[in-house]
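# Structural overview for review
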Amino acid sequence: MATLGTAVGTINLPKVNAASGITPVGLGGATRLGPLAGRCVTTANATASRTLPRPNPRRRQVFVCAASSQLSQAELEELLAENAKLKQLLNTYANRLSKQQVDRLTKQYEEIAALAAAAGLELEPLDFTGETTSSSSGVGSSANGGSTSSSNGLSSKAAPATAAGAPAPKAVTADVPAKPAALKPKAVQYTEGDKKATKQKASGGGASRWAAMGGDTTSSSSNVKDSSGAAPGASSSSGGGRHSWRSTPMGTDDDSQLPAAAAAPQGPPAPVPAPPVRPSATSPTSQASAVPQQQQQQRRGPGTPLLHQQGQPSSSSGNGVVLDGAAAAMARLNAANAAAAAAAATSQRQAPPPKPQASPKPVEDDILDIPDPLETAAAAVKTITAADKAKREAENKKVREVAQEEVDKHDPTAVAATRHQWLIFTVPEKPVAGCDVVVYYNRTQSEPLRERNRIQLCLGFNQWELAAEQARVDLYPSAIPHMDGSDFWSCRFRVPETAYEVNFVLTDGDGLFDNNLGQDYTYPTQAGSTWEEWTAAAVERAAEAEKERQKKEEARRAEEAKQMAEEKEKRDSDNALKRVAELRDGYKWLQEGGLTKKKVSDTDPTSKTLWSVAPTPLTPGKTATLLYNSKAGPLAWIEDKRPATKKGSTDIVEGQQVPMLHYGYNNWKVKCDPLPMKLSRVTGDDDELWWEVSFNVPKDACCVNFVVNSGSSWDNNGSKDHKIAVELPKPYDAETVGKWAESMLEDYLKEEHAARIKAEKEQAEREAKRLKERTAAKEKARAVLSRQMEHVMFTEPEVIQAGERVTVYYNPDGTVLAGTSEVYFTGGFNRWAHKRQLGPVKMRPPGPNGRHWRVRFSVPKDACQLDFVFSNVPGGDGIYDNRGGFDYHLPIKGSIGGSLPNRLHVAHIAVEMAPVAKVGGLGDVVTALARAVQEEGHLVEVILPRYDFFLQSPVLAGQMRHDCEFDWGGTRIFVSTAIVEGLRCFFIEPRNGFFATPTVYGRYDDEVRFDFFCKAALEFLLKTGRQPDILHCHDWSTAHVAKSFWEDYQPYGLWKPKVIFTIHNLNYGQKKITEAAQYCQKFTTVSPTYAFEVGGHPAIASNNFKFMGIRNGIDTELWSPTENKFLPMSYDANNVEEGKRRAREELRKRVNLSQWQDKLIIAVVSRLTPQKGVHLIKHAAYKALDRGCQFVLLGSAPDPKLQTEFNELADQLRHGQDASFIFEYNEPLSYMIYAAADIVLVPSMFEPCGLTQMIAMRYGAVPVVRHTGGLRDTVFDVDNDKPRAAWEVAGSSDWMRDKIDETNGFAFE
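Residues numbered from 1 in each chain as written. Predicted model: local features only at pLDDT ≥ 70, side-chain atom pairs only at ≥ 80, totals over all residues. Heavy atoms only, no water.

## Description of the overall build of the chain
- The helix and strand inventory of the chain stands at 29 helices and 47 strands.
- Here the chain, with 1309 residues, has 51% of them falling under the buried criterion.
- Accessible surface, the chain as shown: approximately 60,000 Å² in total, 53% of it carbon and sulfur. (Helix = DSSP H or I, 4+ residues; strand = E, 2+ residues; numbered from the N terminus. Buried < 20%, exposed > 50% of the residue type's maximum accessible area, 1.4 Å probe, protein only. Areas by Shrake-Rupley, 256 points an atom, 1.4 Å probe, with all protein chains shown as cover.)

## Description of unusual backbone geometry
- At the junction of V427 and P428, the peptide bond is cis and its omega measures out at -5° in the coordinates.
- Here P428 shows up in the loop between β5 (422–427) and β6 (436–442).
- The backbone of D520 sits at a positive phi, close to 65°, despite the residue not being glycine.
- Positionally, D520 belongs in the loop between β11 (513–514) and β12 (521–524).
- Unusually for a residue other than glycine, Q1157 sits at a positive phi of about 70°.
- Among the secondary structure elements, Q1157 is positioned in the loop between α22 (1136–1151) and β42 (1161–1165).
- Given a relative accessible area of 52%, Q1157 falls into the exposed group.

## Notes on the packing of helix α16 (residues 745–789) against helix α28 (residues 1282–1290)
- Where α16 contacts α28, the two axes come as close as 7 Å, and the packing angle between them is 120°. Here α28 runs oblique to α16, going by the angle between their axes. Judged by residue contacts, K780, V784, R787 and Q788 of α16 engage W1287, E1288, V1289 and A1290 from α28.
- The class makeup of the residues in the contact of α16 with α28 is four nonpolar, one polar and three charged. (Axes fitted to C-alpha atoms, helices over the stretch in contact; angles between N-to-C directions. Parallel < 35°, antiparallel > 145°, perpendicular 65-115°, else oblique. Contact = heavy atoms within 4.5 Å. Nonpolar A, V, L, I, M, F, W, Y, C, P; charged D, E, K, R; others polar.)

## Regarding the packing of helix α18 (residues 1006–1023) against helix α19 (residues 1040–1049)
- Two elements in contact, α18 and α19, have axes whose closest approach is 9 Å; the angle formed by their N-to-C orientations is 50°. The orientation of α18 relative to α19 falls into the category oblique. Like other packed secondary-structure pairs, α18 and α19 cross with a definite hand, here right-handed. From α18, D1011, C1014, K1015, L1018, E1019 and L1022 reach across to α19, where they touch H1040, V1041, S1044, F1045, D1048 and Y1049.
- Residues of the contact of α18 with α19, tallied by class, amount to six nonpolar, two polar and four charged. (Left-handed = near helix turned anticlockwise from the far one by under 90°.)

## Considerations on the nonpolar core
- In this structure, Y947, L1018, F1020, L1031, F1061 and I1100 are the most contacted members of the largest nonpolar core, which totals 67 residues.
- When residues of this core are assigned to their parent elements, the largest contribution, nine residues, is made by α18.
- Of all hydrophobic cores here, the second largest spans 37 residues; its members include L1127, I1222, A1235 and M1254. (Core = buried A, V, L, I, M, F, W, Y, C linked by side-chain atoms within 4.5 Å.)

## Quick look at the pattern of salt bridges
- Tallied over the full model, the rule gives 75 salt bridges.
- Notably, a salt bridge pairs E429 with R419, separated by 2.5 Å at the nearest N-O pair. Taken together, the residues E429 in the loop between β5 and β6 and R419 in the loop between α12 (412–415) and β5 connect sequence positions ten residues apart.
- The salt bridge partner of R770 is E767, with a shortest N-O separation of 3.0 Å. Of this pair, R770 and E767 both sit in helix α16, separated by three residues, roughly a single helical turn.
- Taken together, the shared-partner salt bridges connect E767, R770, R774, R931, E935, D1115, E1117 and E1123 into one network. (Salt bridge = Lys/Arg side-chain N within 4 Å of Asp/Glu carboxyl O.)

## Overview of the sheet that holds strand β46 (residues 1262–1266)
- In spatial order, the strands read β44-β43-β42-β45-β46-β47; together these six strands make up an open sheet with parallel pairing. Lying at the two open borders of the sheet, with one neighbouring strand each, are β44 (1219–1222) and β47 (1306–1308). Along the sheet, successive strands turn relative to each other by an average axial angle of 15°, direction set aside.
- Pairing of β42 with strand β43 (residues 1190–1194) involves five bridges; the strand directions are parallel. Bridging from a neighbouring strand, I1161 pairs with Q1190 of β43. (Pairing = 2+ DSSP bridges.)

## Overview of the confidence of the model for the chain
- Looking at the chain, pLDDT values average 78 and 73% of them are 70 or higher.
- Throughout residues 129–209 the model reports pLDDT below 50, and contacts reaching past four residues in sequence, or to other chains, amount to 237 contacts.
- A low-confidence stretch, residues 216–333 (pLDDT under 50), is modelled with 378 contacts involving residues beyond four sequence positions or located in other chains. (pLDDT = per-residue confidence, 0-100.)

## Observations regarding the side chain of Q456
- Positionally, Q456 belongs in strand β7 (residues 455–461).
- Exposure remark for Q456: the relative accessible area of 6% places this residue in the buried category.
- At 3.2 Å, the side chain of Q456 and the side chain of D474 are in polar contact.
- The residues contacting Q456, other than those within four sequence positions of it, are R472, V473, D474, L475, V505, L506, T507 and G509. (Polar contact = N/O pair within 3.5 Å; in protein donor to acceptor, adjacent residues only side chain to side chain.)

## What about the environment of M1232?
- Tracing the backbone shows M1232 in helix α25 (residues 1227–1236).
- Its relative accessible area of 0% is what places M1232 among the buried residues.
- The sequence separation of M1232 and R1144 amounts to 88 residues, and the corresponding C-alpha distance is 8.2 Å.
- The residues contacting M1232, other than those within four sequence positions of it, are F1126, L1127, P1128, A1143, E1146, L1147 and R1150.

## Some details on the packing of aromatic side chains
- Summed over all chains, the structure comprises 36 aromatic pairs.
- When the centroid spacing of 5.9 Å and the interplanar angle of 10° are considered together, the rings of F504 and Y523 count as stacked. Within this pair, whereas F504 is found in strand β10 (residues 501–507), its partner Y523 is found in strand β12, the two being separated by 19 residues in sequence. Comparing F504 with Y523, the two get one shared label, buried.
- Seen from their ring centres, F949 and F950 are 5.2 Å apart, and the 85° between their planes marks the pair as edge-to-face.
- Since its relative accessible area comes to 3%, F950 is described here as buried.
- Aromatic rings pair up to connect Y947, F949, F950, F987, F995, Y1001, F1010, F1013 and W1036 into one cluster.
- Note that R419 overlies the ring of F425, its terminal NZ or CZ placed 5.0 Å from the centroid.
- The side chain of K1282 reaches across the aromatic face of W1295, ending 6.0 Å from its centre. (Phe/Tyr/Trp six-rings, centres within 6.5 Å; stacked < 30°, edge-to-face > 60°. Lys NZ or Arg CZ within 6 Å of the ring centre and 35° of its normal.)

## Concerning the pairing of strand β30 (residues 865–871)
- Most of β30 sits out of view: seven of its seven residues are buried.
- What you see with β30 is no split at all: Q865, D867, V869 and S871 on one side and L866, F868 and F870 on the other are buried throughout.
- Bridge count for β30 against strand β32 (residues 888–893) is four bridges, and the pairing is antiparallel. Residue pairing across strands places Q865 opposite P891, the latter belonging to β32.
- Note: β30 against strand β31 (residues 880–881), two bridges, orientation antiparallel. In the sheet register, F870 faces β31, and the bridge partner there is D881.

## Considerations on the sheet that holds strand β24 (residues 793–796)
- Taken together, the three strands give an open sheet; going across it, the order is β24-β26-β29, and neighbouring strands pair in antiparallel fashion. Each edge of the open sheet carries a strand with a single partner, namely β24 and β29 (853–858). Strand-to-strand, the axes of this sheet are offset by a mean angle of 20°, without reference to chain direction.
- Relative to strand β26 (residues 805–810), β24 runs antiparallel, the two being bridged by four bridges. Looking at the pairing, F794 lines up with Y809 of β26.

Okay, here's the thing in structure tokens:
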């Protein structure tokens, strides 16, 4: 038989427009390209690691080279079938082509006819009659330099390789003119996968689906970093967000992504990824129902095109790529197909655009704008009858028997005889579901794994949705002889019966992967489930998986509860034994100084008796009575208000002052509730006033301690407290005190258990209350956000239900898409992690008087969140409305087994954290933000310096534990850990003494110390193998993290994190802030208004595109008047008046303010710096006193001169007992001031955010602030801010109509 061969190197043709009536199909047959493809590679991938030169934008090049090989009979028949399709296409669209295009395509067809004639086939001549016929034949095109082909579903055997010494191919160049640049292409719908694929080709492959499953994302296709790590500080614009795709979509005039011709290969070639092609619905060999191409694209998913099948050859690149034998002929035919389709599409695009028409009135119908592949698959499965299933199962059983026998008896040497240049092949050639399969991998043909001594296959099925029993399978050297430099390794595994395709990548187990240029290796199976069957069962699988997950979760919780209960019981036992030991060992010490009667004078026996007890001596477990003579001690001022005639009466008359007994036992080891005394029947002398009170003596009491008070007067025995001795019960004595203590063990166990149960119940009640409050707050926030977006976007129904249909309405007026003629919708689910992607699809335009565009689609049953953006293009460069980079997100109710992507790992690196290391608001924000993110289900850790003053911290006392240690920076570094406010914290302690300080700031070398800490924190992450998703650094003190990470750690193992930097105050460390702004991926400040105020500052102006303001908040649980031990009374909204009244009374006692008239209290809690408006604070102090108020200030000035000024002010205003100045840091007192104050003044000259005003409102005080920074964002003036408050707080655009007043304070300019 004569030889026949052609090859296509780089083909760049416009994608066929759907409007032309031609249905585009994927490129690369699943059952044909394996044996037919000889040596081929797409130039786009081959040149991924180089900067691509921009070709001539006016012309597209088709490089054609000649080759020779023989064709089998099956291949000749397939060539004839493909020729018929090409002839039909040319005949149909000839009247739309230019003469030049017709001549060029006719010439190509004649060349193919001549080659076919040499092979013994006679092709019919073309007949350009101009007749128009409908065509649904598969026509493929490659828009990014990939090879093109079409498949009719037939299979054939491998063609022999080109004989050695064959003449070099002769290059022929055919030019295909591009569409005029002045004309806009018609809209072509692209999926998320199209965009990602375009990006991946431009960057060398990108991430694979194996990575999406949680596998290592290290790319093996090149050593070039991806865009996220190539340049520190690289970031997407906030206007475009994650969907401002910059890659050029297929069918546009922008040729910047077109690859140049590759140089001749210097080493073994790499495999060729091919787009997917499903068997034709009319093919007799097809085992699956017909599936629309759009569904095929969706089910394939981004980044997972079907691999060249049945014996993957090795590949090479050059200036005109050579395809051996039959593949060359098929590629030449496909090139002509693509050229014809492109010409037809171009001719249609050149037609004049239609005249604009009025927007049609929306029609409510049941047609989905975005079809649901699940519904389509379910419908296809329903058409399969029971008889069909039985017949197919019988056929599948035979296929499995044959395939298993082939696997068991095959000779590896014979199978590989003609495949020593191939990269990979399988036995059987097409894996069979329910049988074993053997994978042979030629290590020498693999660029990434060529020199590796270990190879593993990471295995999955059905687009990685079906997990393998063994996720990683080791490959071992096979028995195939090493010929032509081959080195085949092999492994064997079983394919599940429900698999419709096999997915795998190969790795050395140490982070290096061969993932088919980022697209994974994919093989369709025989005798297994179809895609339709697998997809139709998705809901049932999700429900079953959810049940299994819940079952495992319940089992895990039960096991944890069991372990926890055992630990708690052991803890109770340990505590009880500890109490026994303390009682036994401390008895004598506790008895020291105990009395049964106390005289006024210890040296004068005739002095008056102050107190006595009965019975004497006291016995544990009995009731005792204390007689107290108030006239003999510090409470002698108490007068007896009883009439002279009723001196023996115990009745309390009106106006009588009553002493209170405060008591405990065993040196206050246990404190009891205070008891009021009553007048005693004992009258005594005229200068005596006796009171009595009865109390129980506990069973384990060795002594009773007490003090007595009335009002602010106390009798505490001269600060030594009173002590009553308690005798041992019989038959115990001093010699047998140990046995007496041991007899308490059972009671102690019961007490410990009861106390724990009570504490757990109270904690559970508090947590339930907090959860209810948090849930209500979140629901309110979502409702406000929904109302704020109603004028732009809303849905019907308002509450989206999983498994139901939803319509999204969008009004572009007032957005970046205002005035656009087309609006496209791009959506996804579960933070874009769901396999189903929506669009881009063109939305239905509004009617003549309407404003809202709309799109309708069904919601998957396993979706719990809808994510979407709008644009004026179906992909690529354009204008996107993505909510300023945040995208639109809406919750979905009723999800079955759906969940958001795995939690993030966030590491905060800071020098402050409340309450252990708080200087200002920075410490509060670090704690509150970390807790808020952790409550959303993410893993949060905080890294701090270990200051010396931590040794005195009551929060850290007893829980600091050693974590690790290492040498770095010329010193030994110790890392300890503890839990602070529910957060895991790590403390860096270098032995160089950098943080052996009593304060956070104040040393001359603060910058050097904190830079050292930044690197030490990164070194700790690297040494311990941590890979956070986000490094969050705060203010100038840890700004150096950004630069150090990208320059010193990201290239050397700490590869995963991205850096977020927050500016808490731009007034300090501007040089460091500039550095961090350059290197971080995003940086924020603590309020939108402050971001606007400082946006033009030179330190950040050049990086404004990644800068934004996010308003701070406070942790309402930490700042809660309902659970604050520093207040005289807990209160909430129901009893706020009583709670604040009690707080005012207590504050006035503490700071020596007058109690007269219960005056209005104006408070300032602030550092005294010029930023805080000190001149306004002084003015307010004078005005407050002039208006009859009281003024309280808590804070100090770091500037001695300023502190002196306030000292003088305090001296002037203190005399009238209406002003108090406390120049110190005192957090417990600050709680009291917030609770007592009626008004809290915050007159800052500038304020990044400020927490004082929010804490004041939390405690029921009215803030009076200056409108600047975060003060403006949180305080709404009662006179001027009603519209803004209604919008920000309630989402109302008309406060008068809605009768809403959300103002909360007073503000001035």
